[in-house]
Structure formats: structure tokens, C-alpha cells
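Observations on the three-dimensional arrangement
Listed here are the chains, written in short residue letters.
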Amino acid sequence: MLTVAMAKGRTLDDVVPLWEEAGIAYPRDWDESRALVFEIPWRDASLRYLLAKPADVPTYVAYGVADLGVVGNDILLEQEREMYELFDLGVARCKLCVAGREEERRHAPRRVATKYPKLADRYFRSQGHQVEIVPLAGSIELASVIGLTDRIFDLVQTGETLRANGLVVFDEVLDISARLVANRSSYRMKHAEISACLHALEAAAARRNGHAP
Ligand SMILES: Nc1ncnc2c1ncn2[C@@H]1O[C@H](COP(=O)(O)OP(=O)(O)OP(=O)(O)O)[C@@H](O)[C@H]1O
Ligand SMILES: O=P(O)(O)OC[C@H]1O[C@H](OP(=O)(O)OP(=O)(O)O)[C@H](O)[C@@H]1O
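Under an unreviewed UniProt entry, the name given to the chain is ATP phosphoribosyltransferase, and the source organism is Alicyclobacillus vulcanalis. Annotation of the chain in UniProt includes, under Subunit (unreviewed entry), the sentence "Heteromultimer composed of HisG and HisZ subunits." Its UniProt record gives the chain the following Catalytic activity (unreviewed entry) comment, quoted word for word: "1-(5-phospho-beta-D-ribosyl)-ATP + diphosphate = 5-phospho-alpha-D-ribose 1-diphosphate + ATP".

Here is the structure:
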């Protein structure tokens, strides 16, 4: 049995087609169901999926209740838990950016709203700025719109949320995408099953990129 902690929401939506192309079994009804654990046979073993909030996926993997996890590198980098990152799935792509109101651009940053306090602090220090971090749980743009902060440090995909709120990107900091991660001891103890998953995903991703068997 291999247990996979999957980040629900946008990550899951983008990962499912790749899972399908890789031929890895998954429950077709996990969208409609309120259940959080699903078990399904795959090859000569079985896969158990845990549907978790993205920010909780590293916890399940680090504690070893999940052997594998699927989650964005934004969360992995912010949490820095001990685990192996096996593969960049290349989906659920977006960018971690610094943004704000255009008129703030010429002023040095002082206050920054974000869901990623550690990454934001590290980034602004690397730029020679010591800023006050204002941690928020969501709708980060609001902080800049109403002038609570002069910068936000947040994910941008289409740019629609920024445009709708009169904000602009000041700097693109990191490329984000969904990653396959493994618990360290699972990686040793369940190497064959994990490799089977990994190789199926690598082959599917290579076919997508047009260089593949
Ligand atoms: N446009 C995007 N905005 C936010 N996250 C994105 C975007 N595109 C991909 N992602 C990935 O999806 C993850 C967030 O997914 P999602 O927004 O479904 O969960 P959440 O932050 O827990 O939100 P909620 O609390 O609204 O359910 C991010 O960590 C990131 O890796
Ligand atoms: O560039 P876009 O395509 O507009 O996407 C970016 C927006 O999506 C995310 O928010 P989400 O919808 O997850 O809500 P949240 O801010 O409450 O987490 C992110 O935090 C941005 O606000």
C-alpha cells in the first residue's frame, strides 16, 4: 500500500489530467464526495489517497502517514520540512511575486502582506530591506488596496486579481508548480512502488513535452 497526500483545490484540478495520462489509478468520484480518504487498487498493490489542504500536505509526509505528497513548491519552500522532492510535475504553475500600487513602486518597501512570511522576509533581506511582515490567510491583495501594506508577496497566475484591484507586479521572485515529494524512510522501504509511480509520471510529463516514447 502506498499512501499519497494530495493538495486539494487548484493543485488537484491541474494534477488529475497528468495522473490520468500516467495511468495511475485514482478515484473518479473524489470531486463529488465529501470523503477524505480513498483506496483503489493499482497494479499489484493499492493506492490510498488523502485529500488535504495544501499547507497540510508536508505535515502528512513528514510524519510518514503519507509516503508521497503532491503540493506546490511555494508551500515546500515556506515550510522547509524534511522530505525528498522527487519530481516537478510542471502543472499548477504560477509565480510568487511582489506587487503593489504603482505609486508605491518608487518608495522603499516597509510593510508586506503575505501568506509566506519566511519566504517574504528572506526575499526582502536579500534585497537589503528590513520590512515588517503582516501575515494574512487569504485575499492578500486587499491589504495593498486599502493601504495596510505597501507591498504584497503573493501568487500570480493570470494577473486577473491584481488587475481587478489596480495593482501591478514589481518583481517576479519564484516559479511555482506542483511537486511530487516523498517521506524519507518510505523512499527506502517502498522504493519499488514509489519508483513505479515516479516513472509513470516522468513518462507522462515527457510525452506532454513532446520528447518521449
Ligand atoms: N493562481 C493560483 N493562485 C493560488 N495558488 C495557485 C495558483 N495556481 C496554482 N496554485 C497552487 O495552488 C495552491 C493553492 O491552492 P488553493 O488556492 O486551492 O488552496 P488554498 O490556498 O488552501 O485556498 P483555499 O483556502 O481558498 O482553499 C498554491 O499553494 C499553489 O501551489
Ligand atoms: O493571477 P490570478 O489568476 O488572478 O491568481 C492569483 C490569485 O489567486 C490566489 O488566490 P486564491 O483564489 O487562492 O484566494 P486566496 O487569496 O483567498 O488564497 C492568489 O493568492 C491570488 O490572489
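Here the narrative resumes, following the displayed structure.
**Looking at the site of ligand 2**
Taken together, Gly138, Ser139, Ile140, Glu141, Asp154, Leu155, Val156, Gln157, Thr158, Gly159, Glu160 and Thr161 are the residues near ligand 2. Of all elements in the fold, only strand 9 (151–156) and helix 6 (160–164) reach the threshold of two or more residues within the shell around ligand 2. Counting residues per element, the shell around ligand 2 draws most heavily on strand 9, which supplies 3 residues. A per-class count over the shell around ligand 2 returns 3 nonpolar, 6 polar and 3 charged.

**Here's the deal with the sheet that holds strand 8 (residues 132–135)**
Read across the sheet, 5 strands follow the order 8-7-9-6-10 without closing on themselves; strand pairing throughout is mixed. Only two strands of the sheet have a single neighbouring strand rather than two, namely strand 8 and strand 10 (168–176). Neighbouring strand axes in the sheet, compared pairwise and without regard to direction, differ in orientation by 25° on average. With 5 bridges connecting them, strand 6 (residues 94–100) and strand 9 associate as antiparallel partners. In the sheet register, Lys95 faces strand 9, and the bridge partner there is Val156.

**Focus on the domain arrangement of the chain**
Domain parsing of the chain yields domain 1 (2–93 + 176–209) and domain 2 (94–175). A straight line from the C-alpha centre of domain 1 to that of domain 2 covers 29 Å. The interface is formed by 6 residues belonging to domain 1 together with 9 residues belonging to domain 2. With 3 residues, helix 3 (residues 73–79) is the single largest residue contributor to the side of domain 1 that touches domain 2. Partitioning the side of domain 1 that touches domain 2 into residue classes produces 2 nonpolar, 1 polar and 3 charged.

**A word on the site of ligand 1**
Near ligand 1 lie 14 residues; those nearest to it are Gly9, Arg10, Gly72, Cys94 and Gln157. Residue assignment for the shell around ligand 1 shows that the elements contributing at least two residues are helix 1 (10–22) and helix 3. Looking at the shell around ligand 1, its residues break down into 6 nonpolar, 5 polar and 3 charged. There are two domains that each give the shell around ligand 1 at least three residues, and those are domain 1 (2–93 + 176–209) and domain 2 (94–175).

**What about the environment of Trp19?**
As for its position among the elements, Trp19 is in helix 1. Distance from Trp19 to Ala204, taken between C-alpha atoms, is 8.2 Å for residues 185 residues apart in sequence. Once you skip the residues sitting within four places of it in the chain, Trp19 turns out to touch Ile24 and Tyr26.

**Quick look at the sheet that holds strand 1 (residues 2–7)**
Judged by pairing direction, the sheet is mixed, and its 6 strands sit side by side in the order 2-3-1-4-11-5 without closing on themselves. On the outer flanks of this sheet lie strand 2 (37–42) and strand 5 (84–88), each paired with one strand and no other. On average, adjacent strands in this sheet sit at an angle of 25° to one another, irrespective of strand direction. Contacts between helix 1 and the sheet are confined to strand 1, strand 4 (68–72) and strand 11 (178–182), with strand 4 contributing the most and set at about 115° to the helix.

How each quantity is defined
- Residues numbered from 1 in each chain as written.
- Chains lettered and ligands numbered in written order.
- Predicted model: local features only at pLDDT ≥ 70, side-chain atom pairs only at ≥ 80, totals over all residues.
- UniProt positions renumbered as here; feature names shortened; annotations may be inferred.
- Near = placed C-beta within 6 Å.
- Helix = DSSP H or I, 4+ residues; strand = E, 2+ residues; numbered from the N terminus.
- Nonpolar A, V, L, I, M, F, W, Y, C, P; charged D, E, K, R; others polar.
- Pairing = 2+ DSSP bridges.
- Axes fitted to C-alpha atoms, helices over the stretch in contact; angles between N-to-C directions.
- Domains from an automatic or database assignment.
- Contact = placed C-beta atoms within 7 Å.

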